[in-house]
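Remarks on the overall topology
Read off the chains here:
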Amino acid sequence: MTFAHGAKESREFFGRRACVRMEEAHHISQKRLKNPKLASFEIRRTRTFLNRMNLPIALSYNLQVGPIVLLSLLRPKTMRTIFSQSFLMLASATALSASSTVPRRKVVVSGAGGQTGQFLFRKMLALPDEFDAIGLVRSEESKKSLIESGDVPESSVKVVDVTDADAVKQVAKDCSAFCICTSAKPKPTGETDETTGRPIFGFPNGIPEEVDWQGQKNQIDACGPEGHVLICSSMGGTDPNHVLNVLGRTINPDGTASGGNILKWKRKAEVHLMESGKTYTIVHPGGLINESGGERELVLGVDDSTEGTDSRTVPREDVAEVMLQALKHPDLYGNRSFDLRAKPSEEGSPTTDFRALVESLNGKNCDYSLGEIL
Ligand SMILES: NC(=O)c1ccc[n+]([C@@H]2O[C@H](COP(=O)([O-])OP(=O)(O)OC[C@H]3O[C@@H](n4cnc5c(N)ncnc54)[C@H](OP(=O)(O)O)[C@@H]3O)[C@@H](O)[C@H]2O)c1
């Protein structure tokens, strides 16, 4: 980026008058930069600092020059050495970034020891200036294995069973957003269905009605009225007899069915969220795969449509990235419910523009009159 370009952006950032003075002062400070090697070290240091403060890269390039100039303005006579410049440069950068960064937000992520939830939790932990991330796990055992897996501070992890409404409320106090990544997990019971010959599945750690309905409702209700609630849900919700709904369903002696229906319980919670008046983002991923994120073109859709790609899958890491982007940009992703799949890695180009991604929906949202709500 040239200085002229930097000056234009600076003008927008600081106001025209300040910028003109900065441009004048720039020439003075350039003369003073007698030791270019040291100057470039200081610029790198400032850039790292600004990145840590989470200023956009374009702005930090601009500020490579800006702070030096601004310093010249502030103390033109006393800045005799590059060291005094660097000290003031840092002080100036702090003041600038403090006025331009969004305040650090407390955000809760449930299912933080699970697969998608953990990707999201780690992404937030990597942005400590932006998020005070609190990860919820179901048990002490999950907490231990999450911490042992590395780079997760113990103080950021809380053991909370989401079916305990009071405990969820307590941990969600003052949070600005709640990311729900919990789910009942189907597991084979070891028995086989005599008619189909297929393994029978159950939910040993909580049935869908408890985890996906009551547990999600607790999390939605715990987030304040101004909060943003994000849910990692699932595709398939428009089909009441989807295979996921059948898992764990048992037929009672009187012919009625009970248990299972995981997608219907998830959908009930989603409708509860949409009716709550809170900002929502509901992501319905296709089949989740453990492939690297950031390597595929993502495709958004609604109502289990297969438009855009024949692929029915998406890497967990990409789902977490979409949730992170939604969290950062509620203006774009707020009050949206959509499906998410990814093209095979050899097709298309990896998604980097998350504004264009959500705009590809052309305003469409999932239609909850389709499928069945319990
Ligand atoms: N598998 C797929 O192909 C697929 C496809 C589309 C959508 N989805 C949905 O995508 C989401 C993420 O899936 P995933 O496979 O990444 O998740 P996952 O690894 O199964 O993680 C779910 C997490 O929920 C936690 N949990 C369950 N009950 C809880 C409770 N009562 N209190 C607190 N935490 C509880 C689990 O904790 P513990 O580990 O301690 O039990 C686990 O960490 C889920 O909603 C899933 O249904 C999955």
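Procedures and definitions
Residues numbered from 1 in each chain as written. Predicted model: local features only at pLDDT ≥ 70, side-chain atom pairs only at ≥ 80, totals over all residues. Helix = DSSP H or I, 4+ residues; strand = E, 2+ residues; numbered from the N terminus. Buried ≥ 20, exposed ≤ 12 C-beta atoms within 10 Å, placed from the backbone. Contact = placed C-beta atoms within 7 Å. Near = placed C-beta within 6 Å. Nonpolar A, V, L, I, M, F, W, Y, C, P; charged D, E, K, R; others polar. Pairing = 2+ DSSP bridges. Core = buried A, V, L, I, M, F, W, Y, C linked by C-beta atoms within 7 Å. Axes fitted to C-alpha atoms, helices over the stretch in contact; angles between N-to-C directions. Left-handed = near helix turned anticlockwise from the far one by under 90°.

**Topic: the overall build of the protein chain**
- Scanning the protein chain for helices and strands turns up 14 helices and 14 strands.
- Counting across all 374 residues of the protein chain, residues that qualify as buried make up 41%.
- Within the protein chain, residue pairs in contact and separated by at least 24 positions form 73% of the contacts whose partners lie at least 6 positions apart.

**Notes on the site of the ligand**
- What surrounds the ligand is a group of 29 residues, the closest being Gly-111, Gly-114, Thr-116, Ser-183 and Ser-234.
- When residues of the shell around the ligand are traced back to their parent elements, those giving at least two are α6 (115-125), α9 (208-222) and β11 (287-289).
- Class assignment of the residues belonging to the shell around the ligand gives a composition of seven nonpolar, 18 polar and four charged.

**Concerning the pairing of strand β10 (residues 279-285)**
- A large share of β10 lies buried, amounting to seven of its seven residues.
- Bridge analysis of strand β7 (residues 228-232) against β10 gives five bridges, and the strand direction is parallel. In the sheet register, Cys-232 faces β10, and the bridge partner there is Val-283.
- Pairing between β10 and strand β14 (residues 336-342): five bridges, direction parallel. Paired with His-284 across the strands is Asp-339, a residue of β14.

**Description of the nonpolar core**
- In this structure, Val-109, Leu-120, Cys-179 and Met-323 are the most contacted members of the largest nonpolar core, which totals 64 residues.
- By residue number, the principal contributor to this core is helix α12 (residues 316-328), which donates seven residues.
- Apart from the residues lying within four places of it in its own chain, the contact partners of Met-323 are Leu-120, Cys-179, Leu-230, Cys-232 and Val-283.

**Examining the packing of helix α8 (residues 165-172) against α9**
- For the pair α8 and α9, interaxial distance at closest approach is 9 Å and the crossing angle is 35°. Between α8 and α9 lies a crossing of right-handed hand. For the pair α8 and α9, the contacting residues are Ala-165, Val-168, Lys-169 and Ala-172 in the first and Asn-218, Gln-219 and Ala-222 in the second.
- Within the contact of α8 with α9, the residues separate by chemical class into four nonpolar, two polar and one charged.

**Quick notes on unusual backbone geometry**
- At Asp-174, a position not held by glycine, the phi torsion is positive, near 65°.
- Mapped onto the elements, Asp-174 comes out in the loop between α8 and β4 (177-180).
- One non-glycine residue, Asp-303, lies in the positive phi region at around 55°.

**Observations concerning the sheet that holds β10**
- With mixed pairing, the eight strands of this open sheet are ordered in space as β3-β2-β1-β4-β7-β10-β14-β12. This sheet does not close on itself; its edge strands, each paired only once, are β3 (157-159) and β12 (298-301). Direction aside, neighbouring strands of the sheet carry axes that sit 20° apart on average.
- Across three bridges, the pairing between strand β1 (residues 105-110) and β4 is parallel.

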